[in-house]
Every structure is written in C-alpha cells, then in structure tokens.
Amino acid sequence: MYPSRFRYEAPRSLGEAIGLLREGGDEAKVLAGGQSLVPLMKLRFASPELIVDINNVGGLDYHRADTDGTLRIGALCRHADLERSDLLKSTQPTMAAAAPLIADPLVRNRGTLVGSLCHADPQGDWASVVTALGGSMIAQGPNGSRAIAMADFVTGPFENTLEPDEIAVEAVIPPAQGTRAGGYLKLERRVGDFATVGVAVALETSGGTVRRAGIALTGVGGSTVAATAAAGALAGKALTAETIEQAADLAAQAANPRTDHRGSAAYKRHMVRTFVVRLLSRNGDRAERAA
Amino acid sequence: MTTVYDDLGDQVASDVPMRRIRFTINGARKAAEVEPRLLLAHLIRQGLGLTGTHMGCDTTNCGACTVLVDGRAIKSCTMLAVQADGHEITTVEGLATASELHPLQEGFKQEHGLQCGFCTPGMMLAAKALLAAKPDPTEEDVRWALSGNLCRCTGYQNIVKSVLWAAAKLRSEQAGDPPEPEPAGEPAQEA
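Remember, it's a predicted structure, so these values are computed and weren't measured experimentally. (Residues numbered from 1 in each chain as written. Chains lettered and ligands numbered in written order. Predicted model: local features only at pLDDT ≥ 70, side-chain atom pairs only at ≥ 80, totals over all residues.)

A. Examining the overall build of chain B more closely. Looking only at helices and strands, one finds five helices and six strands in chain B. Traced from its N-terminal end to its C-terminal end, chain B shows the element sequence β-β-β-α-β-β-β-α-α-α-α. Within chain B, the proportion of its 191 residues that are buried is 45%. Nonlocal contacts in chain B, meaning residues at least 24 apart in sequence, comprise 62% of its contacts between residues at least 6 apart. (Helix = DSSP H or I, 4+ residues; strand = E, 2+ residues; numbered from the N terminus. Buried ≥ 20, exposed ≤ 12 C-beta atoms within 10 Å, placed from the backbone. Contact = placed C-beta atoms within 7 Å.)

As structure tokens, then:
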C-alpha cells in the first residue's frame, strides 16, 4: 500500500522545520518514528500534503535528568532507548515498567515517546504513564516554546492542542517529592497488540506515606483516563489494604470502557480494579520495608 | 555506483518530484531516485531486486519485512525509502557469503527453524540484531527479541532453538577456535 502523494522535506534544524510547518499549515505533518503516521498514511486515514521529517534535526534523541531530578525526553528518543535505559531503571519505575510493553521490539526501535504522545491514541501506553507522572509537553513554535500539561495536551482521540506550526520537542517529567514507586500493567492479547486494559500507577512516598499519587488508564475511554479521584484518595495516607481497595474501586468507576473484540466492558472495568490492587499492593510492601 | 529506480508502474506521473538518495545495502553503496511515498520495502524488493525481504501484512504487524537499518531491526514496510538516505541497510541477502551460510542460516537448517519460510528472513535479521547486542542470550531473551515477528507454521519452538544454535556457533567462532564446520556436541551437517 502506498500513501497518497506528498511533498517531503527533511530539514536539519528546528527553525527550518517550524518554517516548513508554517508554510504547510493544516496540511503539514511532522514525521519522527513514523510507526503510527506511516501506517495511517498507507491506509489513507491520513493524507498530509507536506511531510516534515525531523529525523535529521540533531540533538533531539536524548533522555536525561536535570540535577533536581526533572526528566527530559527529546522528540527523537526511541522506545528502545528507554527500554534499555539504566536511568529509567534506577529512577522511574513506572516508565521502566511500561517501556518494554510498547508495541513490539521492531516498532520500539523506531517509534518515539513524544510521537506516541502527539498521536493521542486512547490506547497509547505512554499517555497514561506520563499523565500519571504529572508530566508535560514542550511545544516549540515560531514565537518560542511553551509547556503544556499532559492533562491539557490531549483533547480527544487522535487530537492534541499543538498549533499547526508547533513541534513537540520534549516531554518533561517533574521531580518526585520523596521516593518514587509505581508500575505499569498491560493486558494484551498478544505482543504488539493495543492494550485491552492498561494501568499506570506513579507514587511518591516518604516515611511510609504517599505524598503524591497518579493513576491513569489506557484503553478504557475515548482518551486516556486520569483517575484523579482514585489518586487523590491515596494522598497523605499509608498504603493499607483499605486505602488500596478504595483507590481500586474509584479507578474502576473512572473507567469508561466499551465492549469490543478485546473484551466486555464489565471485564475491562474488573481488570482496571485488579491491576490497581496489584500495583499498589506491590508498592505497599516496598514502602513498608523502606519505612 | 549503481543507480536504481523505483517502479510504481502506471501510478507514476511525469511530474512526480523524485528525490535522490544514497545508502549502503549489504555493504554495497547505492544511489537511487525515489518518489517520497515509496516504502523502504518496495525500494529493496522492486528497486534493488532483493526479494528475500518479504511483505506480509503490510500493516506493521507481522515483521516479515524486517531489515536492519544501522544495525537496528525495523519493519521496512513502515519506513519511507527516502529516509534511508545516508544509512546502512542489511537484508537477508547480506548474511551468507558466496560459499558459506551465515551461522543463523545454518542454525535454521540444523534445527529445522522453518517450514514455509515466509517469515524466516525477518526472523534471522531480528535475531542478528539480538546476537550483536547479546551474544549469549537466554531462551527468554530470544523469545522477547522475536516477539515482533509472526510465524504461522512452526509454533516458534524450532526458531528459538535455531537462534540459540547460531549464538553458540558465533561464540565459538569468536573465541578464536579454528574454523570447524560444527561446534562441539552438534550433529554433523548433512552433505
């Protein structure tokens, strides 16, 4: 299958890329890893007239932590880079758990975290992870750059709030208040399938108490579901059987799944609850040992 | 220097903007003029005539079209040919020499790692990337590395054995053993 015809440009600087986007307006698309965009173009679900390939723009393939613990992931950092990252393994348990579960190894070698967030697929795993972590996106346009909180970045299925002449250049995860804990669980029919249900839990604990919690759900709504009530129920509390059950119930209530070929709505809601209990119980044990 | 042209048959209009790219494939330097929407898999198969790279699902699911780009295993149906500009590609044709099979190919033969053979080139290239990064993989490592490549014949058991066989052979070769046809303990190769 071939995409429709398009003009292709591969600029070497962000300034040049933004200029091209400005020229192309609504008909221009940024190409990074291409693991969502190219299939969409082949199926003619997307037919952009101008492709701005940013793979030749230098200095975007990083992920690094600032001295205060802020994590920054550049637009060309591939899923595989994150899967192999010692930095994530030692400092970002939720991200380290999710990285090997993105698509399949071949897609991970090319696809990018920032691209996945921009694609805004309700079944995208990274969107839940970054939402749970309270992350944001840095968008760069002709008049400079701005930060957009993940909660405001995605407005619906496959819709984000970037302006036509803006490029998402970096995803940012704020530093933790206390010790980071958490994880990501994904129910999939086979490797590479989209999530039937995914749950991201990000905790920041100190002295056995949860300072901050984030819970977000994949595949159980029209876009990524931020289970804010569930997360709020944990703040300032210790992880006990009671608080865990309460958060799990609230997360299951926040889910808005639909019955489809991957499972019934009731089954998916049940799995949300199960995953929240599993993730929190695991971390509750750890928090107790640390306390 | 060879120049190859993509063949899109009647779809190509005379006014289609072509782009000139340069790349290396299986060690040979090439230049090509491609329409930007040409997929890498089509450049390889139709443009270069290297039909060992198979097109399976054409929807980023099956991994039959797996090739290495700068050593990384990727799906060539999900990358534009124009993006190969300046990069190094390895296909299954780049594994064997004129007289000798690559240890991975030998492994698939020894362990009966294929039936219909359609997924095999993709399997071998995904395995090659694994063995380059991890010469002594566990069975779990192999299964994980091949989890993006689908096989509808074998049930994967023999594919995993084939890759482990190749890993052992490559390790013994790299340990500086004299060039023996078989690593110790393996059955002699059939004539």
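From this point, the discussion proceeds with the structure in view.
B. The arrangement of the interface of chain A and chain B in detail. In this complex, chain A contributes 21 residues to the contact, which on the side of chain B involves 22 residues. Only α2 (37–42), β3 (50–53) and α6 (105–108) of chain A provide two or more residues apiece to the side of chain A that touches chain B. Broken down by element, the side of chain A that touches chain B gets its largest block of residues, three residues, from α6(A). Along the lines of polarity and charge, the residues of the side of chain A that touches chain B split into 12 nonpolar, five polar and four charged. (Nonpolar A, V, L, I, M, F, W, Y, C, P; charged D, E, K, R; others polar.)

C. Looking closely at the domain arrangement of chain A. All names here are of chain A. For chain A, the assigned domains are domain 1 (7–53), domain 2 (63–173) and domain 3 (179–290). On the domain 2 side, the residues contacting the 14 residues of domain 1 number 19 residues. Top contributing element to the side of domain 1 that touches domain 2 by residue count: helix α1 (residues 14–24), with five residues. In the side of domain 1 that touches domain 2, the residues fall into seven nonpolar, five polar and two charged. (Domains from an automatic or database assignment.)

D. Fine view of the environment of B:Arg19. Here B:Arg19 lies in strand β2 (residues 19–25). It is 11 Å that separates the C-alpha atoms of B:Arg19 and B:Gln83, two residues lying 64 residues apart in sequence. Setting aside residues no more than four positions away along its own chain, B:Arg19 makes contact with A:Tyr8, B:Glu33, B:Val34, B:Pro36 and B:Val82.

E. The pairing of strand β13 (residues 209–218) of chain A, seen in detail. Residue and element names in this part refer to chain A. Counting buried positions along β13 yields seven of 10 residues, so the element is predominantly enclosed. Taken together, the nine bridges between strand β12 (residues 197–206) and β13 define a ladder with antiparallel strand orientation. Looking at β13, one finds that Ala202 is bridged to Gly214. Here β12 hands over to β13 after two residues, with Gly207 in that stretch at a positive phi of 55 degrees. Where β13 lies against strand β14 (residues 225–226), two bridges are found, and the strand directions are antiparallel. Along β14, the bridge assignment pairs Leu217 with Val225. Here β13 folds back onto β14 in antiparallel fashion, the turn holding six residues, of which Gly219 has a positive phi close to 80 degrees. (Pairing = 2+ DSSP bridges.)

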